[in-house]
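Read off the chains here:
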Amino acid sequence: MNCPVCSKNNAEFRFIKNGYSILHCKDCDHLFTDYEPTAQGVDHIYSDDYFFKGGVGYDDYTLEKDMLIKRGEYYADKISKHIAPGKVLDVGSAAGFILKGFENKGWNGTGIEPNKSMVDYGRQNLGLNLQQGTIETIELKEKFDLIIIIQVVAHLYDLNCSMNKISNSLNPGGLILIETWDKDSWTSRIFGKYWHEYCPPSTLNYFSKKILNHYMSSHKNLLIDQGTPKKKIHSKHAKSLISHKLMEVKGMNWATVFLKLIPDNVMLPYPSEDLFWALYKRY
Ligand SMILES: [Zn+2]
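- The name an unreviewed UniProt entry assigns to the protein is Class I SAM-dependent methyltransferase, from the organism Lutimonas vermicola.

As structure tokens, then:
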């Protein structure tokens, strides 16, 4: 399989995860899953189970509502240094909580989300303009001043098609905000193949800051700002992720007993050393 970032066919095998090969591009250092999913595959991966059944997804995504709205507001404040509120598109919006945060700060939001339950929830409870589909398949009839891709770029099943579409849907001077996980972080290095972000077939591309910048500049988007988000995570979601991880590592099942000591209903600070955001301007 050709590298999704540099298109060269010079990848070496790194390890197997969930039955999929993770490959390393010897030309540009990118890591990716050796798998080319289809639109039908996306429907299956982001079924209601992903948002409500725990495991690699969420126990109940709606529990994170307030935290995610605040995160949207946090990013809207960061971005206000660079651009006045206008039209924002959220790619992979889920129920639209982050988008709601942008609307609270004066932005006019549109979201795209493959999961129908999430789209219905956001429309009915938050009054948001959400469209069901994926960036790869949906027809965008308008242009935007800002496109946000929050923890979604690793999941895009056709990276180049998505990025062409995103770049072409921006107004002149428009910005792209990406939040994603850093494969070169210490957390990723320490956990190796057990790092939480390696979970194909949901995740397909594993960026570092350097590779993302290189990739975005090849699509004519220049880095203008970046940072590490302050993050909190709902304890129920954290427990679901950790217990899933412990079950995976041989002989660690006993440790799940300690997880029961953490209360179910609190927000925990999340050490986001392996998470970063970057803001790009089209040129
Ligand atoms: Zn490459």
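### Concerning the overall build of the protein
- Tallying secondary structure elements over the protein gives 10 helices and 13 strands in all.
- Scaling as 2.2 N^0.38, a compact globule of 283 residues should have a C-alpha radius of gyration of about 19 Å, and the protein matches this with 18 Å.
- Overall, the protein is about 55 × 45 × 35 Å in size when its C-alpha atoms are taken along their principal axes.
- Looking at the protein as a whole, 51% of its 283 residues qualify as buried.
- Taking as baseline every contact in the protein between residues at least 6 positions apart, the subset at least 24 positions apart corresponds to 70%.
- With an accessible surface of roughly 13,000 Å², the protein has 52% of that area assigned to carbon and sulfur atoms.
- Side chains of the protein give 34 positive and 32 negative charges; the mean places of these two sets differ by 3 Å.

### So, the coordination of the zinc ion
- Bound to the zinc ion on the protein side are Cys3 (SG), Cys6 (SG), Cys25 (SG) and Cys28 (SG), at distances that span 2.3 Å.
- Geometry at the zinc ion is tetrahedral, judged from the four donor atoms that bind it and their angles of 103 to 117° at the metal.
- The sequence pattern formed by the donor residues of the zinc ion is C-x2-C-x18-C-x2-C. Pair noted here: Cys3 is in the segment before β1 (11-17) and Cys25 is in strand β2 (residues 20-25), with a separation of 22 residues, a long-range link. When sorted by exposure, Cys3 lands in the same class as Cys25, which is buried.

### Topic: the sheet that holds β1
- The strand order across the open sheet built from four strands is β1-β2-β3-β9, with neighbouring strands paired in antiparallel fashion. Of all strands in the sheet, those bounded by a partner on one side alone are β1 and β9 (205-206).
- Pairing geometry for β1 and β2, over six bridges, is antiparallel. Pairing of Ile16 across the sheet is with Ser21, part of β2.

### A few points about the pattern of salt bridges
- Counted by the stated rule, this structure contains eight salt bridges.
- Across the pair Lys105 and Asp77 runs a salt bridge whose closest N-O atoms are separated by 3.3 Å. With Lys105 in the loop between α4 (97-104) and β5 (108-113) and Asp77 in helix α3 (residues 65-79), the pair connects residues that are 28 residues apart, well separated along the chain.
- With relative accessibility at 36%, the residue Lys105 sits in the partly exposed group.

### Some remarks on the pairing of β5
- Summarising burial for β5: five of the six residues are buried, a large majority.
- Looking at chain direction, strand β4 (residues 87-91) and β5 are connected through five bridges and run parallel. Bridge pairing in β5 links Leu89 to Thr110.
- Read as a crossover between parallel neighbours, the route from β4 over α4 to β5 is right-handed.
- Where β5 lies against strand β6 (residues 129-132), four bridges are found, and the strand directions are parallel. Residue pairing for β6: Gly111 is matched across the bridge by Leu130.
- With helix α5 (residues 116-126) bridging β5 and its parallel neighbour β6, the resulting β-α-β unit is right-handed.

Calculation rules
Residues numbered from 1 in each chain as written. Predicted model: local features only at pLDDT ≥ 70, side-chain atom pairs only at ≥ 80, totals over all residues. Heavy atoms only, no water. Helix = DSSP H or I, 4+ residues; strand = E, 2+ residues; numbered from the N terminus. Rg over C-alpha atoms; globule rule 2.2 N^0.38 Å. Buried < 20%, exposed > 50% of the residue type's maximum accessible area, 1.4 Å probe, protein only. Contact = heavy atoms within 4.5 Å. Areas by Shrake-Rupley, 256 points an atom, 1.4 Å probe, with all protein chains shown as cover. Lys, Arg positive; Asp, Glu negative; His and termini not counted. Charge placed at Lys NZ, Arg CZ, Asp CG, Glu CD. Donors = N, O, S within 2.8 Å, 3.2 Å for Na, K, Ca; no water. Tetrahedral: all angles 85-135°; square planar, octahedral: opposite > 155°, others 65-115°. Pairing = 2+ DSSP bridges. Salt bridge = Lys/Arg side-chain N within 4 Å of Asp/Glu carboxyl O. Right-handed = clockwise from strand over helix to strand, strands pointing away.

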